[in-house]
Amino acid sequence: MSEPTRTSSSRGSSPPTNWAELLDEFRAEAETVRQGGGAAAIKRQHGKQRMTARERIAALLDPPRSPDSGNPDKAAAEGERFLETGLWAGYGMYGEWGGAPSAGVVCGIGPVSGRQCMIIANDATVKAGAFFPATAKKVLRAQRMALENRLPLIYLVDSAGVFLPLQDEIFPDEDDFGRIFRNNAVLSATGIPQLAAIMGNCVAGGGYLPVLCDQLLMTEGSGLYLAGPALVRSSIGQQVSHEELGGAAMHARISGTIDYREVDDAACLHRLRELVRVLPADPRSPLFVREESIPPARSPEELQDVFPVDPQQPYEVRDVLNCLLDEGSFQEYRAEYGETIVCGTARLGGISVGIVANQHHPVKTPEAGIQFGGVIYHQSADKAARFIMTCNQSWTPLLFLQDVYGFMVGRDSEQAGIIRSGAALVNAISNSRVPKLTLITGGSYGAGNYAMCGKAFDPRFLFAWPTAKYAVMGAKQAAATLLDISISAMKREGRTPDVDELEELKARTEAQYTDQTDIRYAAARGWVDAVIEPAETRAVLRHALSLAIRYAEDRPFQTGVLQV
C-alpha cells in the first residue's frame with residue numbers, strides 16, 4: 001500500500017484556509033491510515049479466516065450506550081467511545097519499505113465487560129504485523145498509559161516480530177523492542193492485569209510478550225515459537241511442522257504454555273470478554289473531586305467559530321474554555337496579573353481541574369504596556385507556577401492549553417528575571433504529583449512547549465488539533481536565522497552571497513520547516529497521542545480525565561530549589 005500524501009505544503013498547494021477544508025483533509029487521510037495495508041492485504045487476512053486488528057477491537061469492546069436524550073452532554077460519558085492513541089504513528093515514514101500505516105499496530109482505551117482497558121492489537125495487514133521503530137515506541141507509550149492510569153492491558157498478538165531491515169533501530173536500546181517485555185514484567189509486579197491472545201503469528205523474541213502476561217489464549221492455526229520451521233531446519237537440520245513446533249494444540253497439551261485454546265477469532269474474543277468480566281471493577285481514587293456533569297455554556301461545535309485556522313489571528317482563550325468547561329464552574333486565578341496566561345479552577349464533565357492556558361490576543365498592563373498574546377512574560381510564568389503549586393496542594397488535576405510562541409526575549413525581559421521565572425514554572429510542572437493533560441490548539445514553539453507541559457514533562461495524555469504546530473521556532477524565523485548564518489559563513493570564506501542562492505536556501509528552509517511543523521509530522525513520531533477535532537475535544541477530555549483520576553501516587557508535593 002502506498003503511503004498517504006504527507007501534507008498540503010509538501011504537495012506544493014496552498015494550505016487550507018478554513019476549518020471545513022482542513023478537517024476534510026485530515027479525515028480523508030485518517031481514513032486511508034485506518035485501512036492499514038489496504039484492500040488486498042485485508043482480503044488476505046480474511047482468507048485466513050481471521051479478522052483485522054480493527055475488526056477484533058470492535059468485537060471485543062462493549063456496544064455503545066444510547067445517549068440520554070434528556071441531557072445531551074451525557075452522550076460523551078466515559079465508556080461510550082474507543083480513545084485511539086497513535087493513529088498517525090509512522091505517518092510519512094519508512095517510504096523506502098512501502099510505509100507502515102499507524103506503525104502496524106492499533107492502540108487505544110475502551111470498555112470491555114464494563115472495565116476500561118488498554119488494547120494493543122498488531123495489524124497483520126501491514127508487513128505481517130512486524131515491528132518498526134515507531135511500532136515499539138507506540139506500544140511502549142500505550143504500556144506507560146496503562147501503568148500510570150492503572151488500566152488492564154489486552155494484547156491481540158498477530159506479528160512476525162522485528163522488521164529485519166531496520167533491526168538495528170528496534171532491537172537493543174532502552175526505548176526499543178526489549179523494553180516492552182521488561183514492562184510486561186513490571187506491570188505484572190504492580191498488579192495490573194495483562195491478558196494476551198495469540199491470533200496469528202507470534203515468533204522469535206516477540207513470543208515473550210504473551211508468555212509474560214497473566215493469562216494467555218491462542219487460536220487454532222496460530223503459531224508461537226522462538227524459531228519457525230525454516231529457521232529450525234537451517235540451524236539444526238530438524239524437520240518439523242508448524243503445528244508440531246508451535247501450534248495451539250501442542251502448547252495446550254504438551255508444553256502447557258497457553259491457558260485457553262480457541263477455535264477462531266470470535267471464540268477467542270468472547271473468552272477474553274469473559275475473563276475481563278471477573279477482574280475488579282474500575283478504581284476511583286478518593287483524592288479527586290467529581291460531581292454531576294453540566295454542559296458547557298457554549299457548544300463544542302462553536303470552537304470552530306471562536307478559534308481561527310490562521311495562526312496569526314488573535315482570539316480570546318476564555319471563549320475556547322466556555323466551549324469545554326462545565327457552565328459556571330470556572331474560577332479565574334489572578335485574572336488581572338500575568339494576563340498572557342489564563343489560570344483557574346473549573347469542572348469538566350463534573351471533574352475538578354486546574355486550567356493553564358495561553359491567551360492569544362495582546363493585553364495591556366499598567367507597568368509594561370502592551371504584552372503580546374501567545375508569549376510567556378515573567379509575570380505570567382510566576383502566576384502559572386504559583387497556580388500549579390496550589391493545584392498540587394488541593395489534588396486538582398491540571399489541563400494545559402498550548403498556543404505559545406515561547407518566552408519573551410530582550411533586555412527588559414532578561415532584567416526582569418524571565419529565565420528565573422521560567423525555571424520556577426518548569427520546576428513546578430516537573431514535580432507535580434497530580435495528573436496532567438495537555439491540549440495543543442495552535443503553536444507549540446521552543447521552550448514554550450516545555451513551560452506548558454509538552455511531551456517531555458509526562459502528561460498522562462497529550463492531544464492536538466489539526467491547527468497545531470510543533471517546532472523550535474516558526475518557519476520564517478528559522479529561514480531568516482539560517483540565512484544570516486549562511487551569509488556570515490560565506491563572507492568568512494571570502495565569497496559574495498549570491499542572491500538567487502540565498503533565495504533558494506530561504507525557500508527550501510521554509511518549506512522544510514513548514515512540513516515539519518505540521519502536527520502529523522509530530523504525531524508520526526509519537527510526540528502527541530492523538531490528533532482530535534475541536535468539536536470532539538470536550539468528550540475526549542472528559543474520557544481522558546476520567547481515566548487519569550483512577551490513580552495517583554499519594555505522596556507529598558515537593559519542588560526542590562526555586563530561584564526566587
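Residues numbered from 1 in each chain as written. Predicted model: local features only at pLDDT ≥ 70, side-chain atom pairs only at ≥ 80, totals over all residues. Heavy atoms only, no water.

**Thoughts on the overall build of the chain**
When you go through the chain residue by residue, the secondary structure sums to 20 helices and 20 strands. Residues counted as buried form 54% of the 564 residues belonging to the chain. Accessible surface for the chain amounts to roughly 24,100 Å². Of this, 53% is attributable to carbon and sulfur atoms. One finds the centroid of the 56 positive side-chain charges in the chain at a distance of 4 Å from the centroid of its 67 negative side-chain charges. (Helix = DSSP H or I, 4+ residues; strand = E, 2+ residues; numbered from the N terminus. Buried < 20%, exposed > 50% of the residue type's maximum accessible area, 1.4 Å probe, protein only. Areas by Shrake-Rupley, 256 points an atom, 1.4 Å probe, with all protein chains shown as cover. Lys, Arg positive; Asp, Glu negative; His and termini not counted. Charge placed at Lys NZ, Arg CZ, Asp CG, Glu CD.)

**Overview of the nonpolar core**
Of all hydrophobic cores here, the largest spans 123 residues; its most connected members are V356 and F463. Not counting residues within four places of it along the chain, the set of residues in contact with V356 comprises I341, V342, C343, A384, F387, I388, L398, L399, F400, L401 and M452. Membership of the second largest hydrophobic core comes to 21 residues, among which are A53, I154, V276 and L279. (Core = buried A, V, L, I, M, F, W, Y, C linked by side-chain atoms within 4.5 Å. Contact = heavy atoms within 4.5 Å.)

**What about the environment of S432?**
Looking at the element boundaries, S432 is found in the loop between helix 15 (418-430) and strand 17 (436-445). Among the residues examined, S432 registers a relative accessible area of 7% and is labelled buried. Separated by 57 residues in sequence, S432 and A489 have C-alpha atoms that sit 45 Å apart. If near-sequence neighbours (up to four positions away) are discounted, S432 is found in contact with I388, N392, L398, R555 and F557. In terms of polar contacts, S432 uses its side chain to reach the side chain of N392, at 3.1 Å. (Polar contact = N/O pair within 3.5 Å; in protein donor to acceptor, adjacent residues only side chain to side chain.)

**With respect to the pattern of salt bridges**
Two side chains carrying opposite charge are able to pair once their charged atoms lie near each other. Summed over the entire model, instances satisfying the criterion amount to 26 salt bridges. Across the salt bridge formed by R27 and E533, the nearest N and O atoms sit 2.7 Å from each other. In this pair, R27 is assigned in helix 1 (residues 19-34) and E533 in the loop between strand 20 (530-531) and helix 20 (537-548), connecting sequence segments 506 residues apart. Among the ionic pairs, R411 bridges to D412, the shortest N-O distance being 3.4 Å. D412 gets classed as exposed once you look at its relative accessible area, which sits at 55%. When salt bridges with common partners are traced through the structure, they connect E25, E29, D518 and R520 into a single cluster. (Salt bridge = Lys/Arg side-chain N within 4 Å of Asp/Glu carboxyl O.)

**A closer look at a nonpolar patch on the surface**
Together, Y208, L212 and L226 line one region of the surface with nonpolar side chains, adding up to about 300 Å² of accessible area. Within the secondary structure, Y208 sits in helix 6 (residues 208-211). (Patch = residues over 30% accessible without salt bridge, like charges linked within 9 Å, V, L, I, M, F, W, Y side chains within 5 Å.)

**What about the packing of helix 4 (residues 133-149) against helix 5 (residues 177-190)?**
Running from N to C, helix 4 and helix 5 cross one another at 10°; their axes reach a closest spacing of 9 Å. In terms of their interaxial angle, helix 4 and helix 5 are classed as roughly parallel. The way helix 4 lies across helix 5 gives a crossing that is left-handed. Contacts from A136, V139, L140, Q143 and L147 in helix 4 reach F177, R179, I180, N183, N184, L187 and T190 in helix 5. Residues of the contact of helix 4 with helix 5, tallied by class, amount to seven nonpolar, four polar and one charged. (Axes fitted to C-alpha atoms, helices over the stretch in contact; angles between N-to-C directions. Parallel < 35°, antiparallel > 145°, perpendicular 65-115°, else oblique. Left-handed = near helix turned anticlockwise from the far one by under 90°. Nonpolar A, V, L, I, M, F, W, Y, C, P; charged D, E, K, R; others polar.)

**A short note on the pairing of strand 11 (residues 351-358)**
Counting buried residues along strand 11, eight of its eight residues qualify, which places the element largely inside the surrounding structure. On strand 11, burial covers both faces: I351, V353, I355 and A357 on one face and S352, G354, V356 and N358 on the other are all buried. Pairing of strand 10 (residues 341-348) with strand 11 involves eight bridges; the strand directions are antiparallel. Residue pairing for strand 11: C343 is matched across the bridge by V356. Linking strand 10 back to strand 11 in an antiparallel pair, the connection comprises two residues, with G349 at a positive phi of about 65°. (Pairing = 2+ DSSP bridges.)

**Regarding helix 1**
Taking 1.5 Å of rise per residue, the 16 residues of helix 1 would be expected to cover 22 Å, and the 22 Å separating its terminal C-alpha atoms lies within 8% of that figure. For helix 1, the set of buried residues is W19, L22, L23, E25, F26, E29, A30 and V33. On an axial view of helix 1, the arc spanned by its buried residues comes to 155°, and they lie on one face. The elements touched by buried residues of helix 1 are helix 11 (303-306), helix 19 (519-524) and strand 20. Measuring from the side-chain oxygen of the N-cap residue of helix 1 to the backbone nitrogen of A20 gives 3.1 Å; that N-cap residue is N18. Once helix 1 finishes, G36 follows within two positions and takes phi at roughly 60°, a positive value. (Expected span 1.5 Å × (residues − 1). Arc of directions from axis to C-beta.)

**Brief notes about the environment of M51**
Relative to the helices and strands, M51 resides in the loop between helix 2 (39-47) and helix 3 (53-60). Among the residues examined, M51 registers a relative accessible area of 22% and is labelled partly exposed. Placed 215 residues apart in sequence, M51 and A266 show a C-alpha to C-alpha distance of 8.7 Å. Not counting the four nearest positions on each side in its chain, M51 is found in contact with Q45, R56, A59, D265, A266 and L269.

**What about the confidence of the model for the chain?**
On average, the chain scores 91 in pLDDT, and the residues at 70 or more come to 95%. Between residues 74-79, whose pLDDT stays under 50, and residues either more than four places distant or in other chains, the model counts 17 contacts. (pLDDT = per-residue confidence, 0-100.)

**Some words on the pairing of strand 10**
Within strand 10, six of the eight residues are buried, leaving the element largely enclosed by the surrounding structure. Relative to strand 10, strand 9 (residues 331-333) is paired through three bridges, and the arrangement is antiparallel. Note on strand 10: the bridge partner recorded for Q331 is T345.

**Description of the packing of aromatic side chains**
Per the stated rule, a full pass over the model turns up 19 aromatic pairs. Taken together, the aromatic side chains of W19, F307, Y315 and W465 make up a single cluster linked through ring pairs. Above the ring of Y551, the side-chain terminus of R150 is found at 3.8 Å from the ring centroid. Over the face of the ring belonging to Y521 we find R525, whose NZ or CZ atom lies 3.5 Å from the ring centre. (Phe/Tyr/Trp six-rings, centres within 6.5 Å; stacked < 30°, edge-to-face > 60°. Lys NZ or Arg CZ within 6 Å of the ring centre and 35° of its normal.)

**Some thoughts on helix 3**
Of all the residues in helix 3, the buried ones are A53, R56, I57 and L60. For helix 3, the angular spread of buried residues about the axis comes to 100°, placing them on one side. Taken together, the buried residues of helix 3 touch helix 2, strand 2 (105-112), strand 3 (115-122), strand 4 (153-159), strand 5 (194-203) and helix 10 (265-277).

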